[in-house]
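Structural features, examined
Listed below, chain by chain, are the residues.
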Amino acid sequence: MRKITPRTFRGTRDFLPAELLGRRAIVRTIEEAYRKYGFQPLETPAIEYLEVLTGKSEENDKLIYEIKRARGAQTETAETAIALRYDLTVPLARVVAQYGDLPRPFKRYQIQPVWRADRPQPRQGRYREFVQCDADILGTDSLLADAELVALMHEVLHALGFEGFQIRISSRKFLAGLVELTTGSTEKTGAFCRAIDKLDKIGWDEVKVELAESGFNGNEIEQLLQSLQESLGLHPDFEKTEKLLSKSVTAMMGLKEIQTVYRESLDLGVEAELLSCEPTLARGLDYYTGPIFESVITYLPHMGSLSGGGRYDGLVETFSKSGVPATGMSFGLDRIQAALIQLEKFKSAPSETQVLVARFDNEGVSENLRIAALLRKAGFRVEIWYDEDRMKKQFSYADKQQIPLVVIAGPEERAQQQASLKNMRTGEQQVLHVELLVQAIRKELASLDL
């Protein structure tokens, strides 16, 4: 048989137990917050029809992993043209259009992998396969829903241990209004937003080049950039910005959206020092229609956004005769993990096992199994030792796997219906009746804060 070199596809990763346990702790934190805010879980297939995915975002259309033809199909048709999903929002819009009896508002969270044919950038937590943690609210046009998502971002980032982050708010209508004031129409809003969205990566000079290539003249570019730099900010002066934009109805609508989401977010407990109204925030997806928001770690500028989202009132309409107002946000699990690693806050662990039942001799195997069953019934995470090995090897394994407690039942203990309980962290060992093991283990774990 031909030998195959073991390797992973570039831009994807294997997660060994120590890392995966840390990732799952992050997911639990996010999921717990989502449930606290009343969101319900949803899962959708990894594969969607290509026509479902395309046409929603010019940028993402270029990154779709298309599966050219389903196996066995002779020709490519709408029924055989399929692809891996690139986000969780488009499948959600399809679900809402497909299942008309869903409640309104429909609050769902979804934590699943997505795929993009993008250039991997591990330092930024950017991969071709990555996990998104989405929360969306559909069926209401109230901006309180958008503010609640901002508050949710704030709560999750605190719970994950981030400090000094910034949540930025803007509006697509606000940006469209700037274009309208400058050029006399909103036709070039998409091009403007796509260019501004790259500001943190390429800087003002390159943004100017992109705007020029999109048809903006020099005066329009300078006027746009001046408007961006003079409006809003960390402690926004809404009255001053209103005077600058009063000639554009579209811009005033966007400003009102920003002001409403900002103030309601403060009422929901978001700290003012962590919240800013950022006019340069554009977010590249074409389907955004109203408020947009994202979170960044200001002292890790290379990371980009840890979370982002916005209102996309027209997306469901691409699958249905009737539109459904919608807003949502997403955390990037891989980017959060990368940020926590760089801040030395990512907690990995080789094992979640709490107790190892050691094997002293062959005669004691039956008793070991009974003890393991007793402890598992009590709710502890327990391993048993399978082979005839010296105690030194077993203790070494427990130490390496960071298993805090080891139970040993030797001949003398078994004769008295007893067992030894060793705390691997403190080195202390006690002998007690088997019936008292459960109580003793609970006490030991509590003393270790486990």
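Residues numbered from 1 in each chain as written. Predicted model: local features only at pLDDT ≥ 70, side-chain atom pairs only at ≥ 80, totals over all residues. Heavy atoms only, no water.

1. Section: helix H7 (residues 189–196)
Among the eight residues of H7, seven are classified as buried, and the element is accordingly described as predominantly covered. Turning to H7, its buried residues number three or more, namely Thr 189, Ala 191, Phe 192, Cys 193, Arg 194, Ala 195 and Ile 196. (Buried < 20%, exposed > 50% of the residue type's maximum accessible area, 1.4 Å probe, protein only. Helix = DSSP H or I, 4+ residues; strand = E, 2+ residues; numbered from the N terminus.)

2. Some words on the sheet that holds strand S13 (residues 382–384)
Across the sheet, five strands lie side by side as S13-S12-S14-S15-S16; this open sheet has mixed pairing. Two strands bound the open sheet, and with one partner strand each, they are S13 and strand S16 (429–433). Taken over all neighbouring pairs, the strand axes of this sheet differ in orientation by 25° on average, direction set aside. Across the face of the sheet, helix H13 (residues 365–377) comes into contact with strand S12 (355–357), S13, strand S14 (405–408) and strand S15 (418–423) while running at roughly 170° to S13. Packed onto the sheet, helix H16 (residues 437–447) meets S12, S14, S15 and S16 and runs at close to 5° relative to S15. (Pairing = 2+ DSSP bridges. Axes fitted to C-alpha atoms, helices over the stretch in contact; angles between N-to-C directions. Contact = heavy atoms within 4.5 Å.)

3. A look at the packing of helix H6 (residues 172–183) against H7
Interaxial distance between H6 and H7 falls to 9 Å at its minimum, and their mutual angle equals 110°. Relative to H7, the element H6 is oriented roughly perpendicular. As H6 runs across H7, the sense of the crossing is right-handed. Residue-level inspection shows Arg 172, Leu 175, Ala 176 and Val 179 of H6 in contact with H7, the latter providing Thr 189, Phe 192 and Cys 193. Taken together, the residues that form the contact of H6 with H7 break down as five nonpolar, one polar and one charged. (Parallel < 35°, antiparallel > 145°, perpendicular 65-115°, else oblique. Left-handed = near helix turned anticlockwise from the far one by under 90°. Nonpolar A, V, L, I, M, F, W, Y, C, P; charged D, E, K, R; others polar.)

4. Here's the deal with the side chain of Thr 89
For Thr 89, the position within the fold is in helix H4 (residues 89–98). Since its relative accessible area comes to 10%, Thr 89 is described here as buried. Look past the residues within four positions of Thr 89 in its chain and what remains in contact with it is Asp 134, Asp 136, Tyr 287, Tyr 312 and Leu 315.

5. Remarks on the packing of aromatic side chains
This structure, assessed with the given rule, holds eight aromatic pairs. Aromatic side chains Phe 9 and Tyr 65 sit 6.5 Å apart centroid to centroid with 70° between the ring planes, which places their arrangement in the edge-to-face category. Taken together, the positions of Phe 9 in the segment before helix H1 (17–36) and Tyr 65 in the loop between helix H3 (58–61) and strand S3 (66–67) put the pair 56 residues apart, joining distant regions of the chain. Centre to centre, the rings of Tyr 287 and Tyr 288 are 5.5 Å apart; their planes meet at 70°, and the pair counts as edge-to-face. Grouping aromatic residues by their ring pairs yields a cluster made of Tyr 34, Phe 39 and Tyr 109. The cationic tip of Arg 13 hangs over the ring face of Tyr 127; the distance from NZ or CZ to the ring centre is 3.8 Å. (Phe/Tyr/Trp six-rings, centres within 6.5 Å; stacked < 30°, edge-to-face > 60°. Lys NZ or Arg CZ within 6 Å of the ring centre and 35° of its normal.)

6. Quick notes on the state of the cysteines
This model, assessed by the stated rule, comprises zero disulfides. For Cys 193, which is in no disulfide, the shortest distance to another cysteine sulfur is to Cys 277 and amounts to 17 Å. The exposure class of Cys 193 is buried, given its relative accessible area of 1%. According to the relative accessible area criterion, Cys 277 is buried, its value standing at 0%. (Disulfide = S-S within 2.5 Å.)

7. Quick notes on the environment of Phe 162
Assignment of secondary structure puts Phe 162 in the loop between helix H5 (143–159) and strand S7 (165–171). A relative accessible area of 1% means that Phe 162 is categorised as buried. Taking the C-alpha atoms as reference points, Phe 162 and Thr 280, 118 residues apart in sequence, are found 23 Å from one another. Ignoring any residue separated from it by four or fewer positions in sequence, one finds Phe 162 in contact with Leu 157, Ile 297, Leu 306, Ile 336, Ala 339, Leu 340 and Leu 343.

8. What about the sheet that holds strand S4 (residues 82–84)?
Strand order in the open sheet formed by three strands is S2-S4-S3, with antiparallel pairing between adjacent strands. Since the sheet does not close on itself, it has two edges, and those belong to strand S2 (47–49) and S3, each with one partner. As judged from the two bridges shared by S3 and S4, these two strands associate in the antiparallel manner. In the sheet register, Glu 66 faces S4, and the bridge partner there is Ala 83.

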